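# Structural features, examined
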Amino acid sequence: MEYKFESVTEKFRKELYANDFLVFDKYTKFKKLLNTREFSLNKERFKSKNINIWETDGLIDKTRTKESGWRYYSLSEVIWLELILVLKRYKLDKSVLNRIKVKLTEDRNINQDCRLPLIDFYCYQSVILKNKIFFVCDFNGRFNFLDKAQKRGLENGNRYMSLLTVDFSLLLNELLKKNKSYLVDSDTGKRITNNNLV
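Anyway, here's the lowdown on the structure attached to this text. (Residues numbered from 1 in each chain as written. Predicted model: local features only at pLDDT ≥ 70, side-chain atom pairs only at ≥ 80, totals over all residues. Heavy atoms only, no water.)

### Points about the sheet that holds strand β1 (residues 133-137)
By definition, the strands of a sheet pair up through backbone hydrogen bonds, in either a parallel or an antiparallel sense. Strands sit in the order β2-β1-β3 across an open sheet of three strands; the sheet is antiparallel. Each edge of the open sheet is held by one strand with a lone partner, namely β2 (143-147) and β3 (164-167). Within the sheet, the average angular offset between the axes of one strand and its neighbour, ignoring direction, is 25 degrees. The pairing of β1 with β3 spans four bridges and is classified as antiparallel. Within β3, the residue paired with V136 across the bridge is T165. Packing of helix α6 (residues 117-128) onto the sheet brings it into contact with β1 and β2, and relative to β2 it is tilted by some 10 degrees. Most of the contacts of helix α8 (residues 168-178) go to β3, to which it runs at about 40 degrees, and overall it touches β1, β2 and β3. (Pairing = 2+ DSSP bridges. Helix = DSSP H or I, 4+ residues; strand = E, 2+ residues; numbered from the N terminus. Axes fitted to C-alpha atoms, helices over the stretch in contact; angles between N-to-C directions. Contact = heavy atoms within 4.5 Å.)

### Things to note about unusual backbone geometry
The backbone of K91 shows a phi angle near 65 degrees, a positive value even though the residue is not glycine. Tracing the backbone shows K91 in the loop between α4 (75-89) and α5 (94-105). In this structure, K130 takes a positive phi of about 60 degrees despite not being glycine. By the secondary structure assignment, K130 is in the loop between α6 and β1.

### Quick word on helix α2 (residues 28-35)
Most of α2 is tucked away, with six of its eight residues classed as buried. When we look at burial in α2, the residues that qualify are T28, F30, K31, L33, L34 and N35. (Buried < 20%, exposed > 50% of the residue type's maximum accessible area, 1.4 Å probe, protein only.)

### Structural notes on the packing of aromatic side chains
Within the structure shown, the criterion is met by 12 aromatic pairs. Taking 4.6 Å as the distance between ring centres and 15 degrees as the angle between the ring planes, the aromatic pair formed by Y122 and F145 counts as stacked. On the criterion of sequence distance, the pair formed by Y122 in helix α6 and F145 in strand β2 is long-range, its members being 23 residues apart. Take Y122: its relative accessible area is 1%, and that puts it in the buried class. Under the relative-accessibility criterion, F145 is labelled buried at 0%. Seen in terms of ring centroids, F143 and F145 are 6.1 Å apart; in terms of plane orientation they differ by 90 degrees. Their pairing is edge-to-face. Overall, F143 belongs to the buried group, its relative accessible area being 4%. Among the aromatic residues, those joined into a cluster by ring pairs are Y17, F21, Y27, F30, F121, Y122, Y124, F135, F143, F145 and F168. (Phe/Tyr/Trp six-rings, centres within 6.5 Å; stacked < 30°, edge-to-face > 60°.)

### Section: the environment of F139
With respect to the secondary-structure elements, F139 resides in the loop between β1 and β2. With residues near it in sequence (within four places) discarded, F139 still touches Y90, L92, V96, S162 and L164.

### What to know about the nonpolar core
Grouped together as the largest cluster of nonpolar side chains are 49 residues, with contacts concentrated most on I100, I119 and F145. Among the elements that line this core, the one with the most residues is α4, at 10 residues. Setting aside its immediate chain neighbours within four residues, F145 contacts T9, R13, L104, L118, I119, Y122, I133, F134, F135, Q150 and F168. (Core = buried A, V, L, I, M, F, W, Y, C linked by side-chain atoms within 4.5 Å.)

### What about α6?
Here α6 spans 16 Å end to end across 12 residues, near enough to the 16 Å set by a 1.5 Å rise per residue. Burial analysis of α6 places 12 of its 12 residues in the buried class, the great majority of the element. Listed in full, the buried residues belonging to α6 are P117, L118, I119, D120, F121, Y122, C123, Y124, Q125, S126, V127 and I128. Immediately downstream of α6, the backbone of K130 shows phi near 60 degrees, a positive value. (Expected span 1.5 Å × (residues − 1).)

### Details of the pairing of β2
The buried fraction of β2 amounts to four of the five residues, a majority that puts the element mostly inside the structure. With five bridges connecting them, β1 and β2 associate as antiparallel partners. Note that in β2 the partner of F135 across the bridge is F145. As consecutive antiparallel partners, β1 and β2 are separated by five residues, and within that stretch G141 has a phi angle of approximately 95 degrees, a positive value.

Geometry only, nothing functional implied.
Following this line, the structure appears as structure tokens:
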């Protein structure tokens, strides 16, 4: 029996993602912080050769500025780059990674502030609402973001499936520890929380 990844979070996503996060202005500041291109990459971690290949393959957008010639990325894009690194370790090829990227960006037309709307939403779930989030995917590129209970349900119902699991919350927290300027409101100088989101 083939498992439907989307069915685990279908109601949750419809209520909180499609009908709330993507359409209401109360999340605008958070979405802008996630999508402002102001960060350069660690050259040791992300080799220029790989970045060029990933741009050519369509895995990442071209972000080189005309003025300086440097590439700048948003926090959402850095998270996607980190996920690419993890998934590449499991030997997922570019066609599988492209399927994942298409799904991550499919709601871009609903909200122009978000380049990777699903990543933005689950950053909100993890950072602001303090939910433990996992990125779970199979070797065909079907994936979902799950909280602890959803992940446990998936594991209990699918003992014989091989699934890749990335602790999304941990990955995000590690990035936030490394760069203290991520998710800091430039107007106030304070880290964005649920209390100062608007």
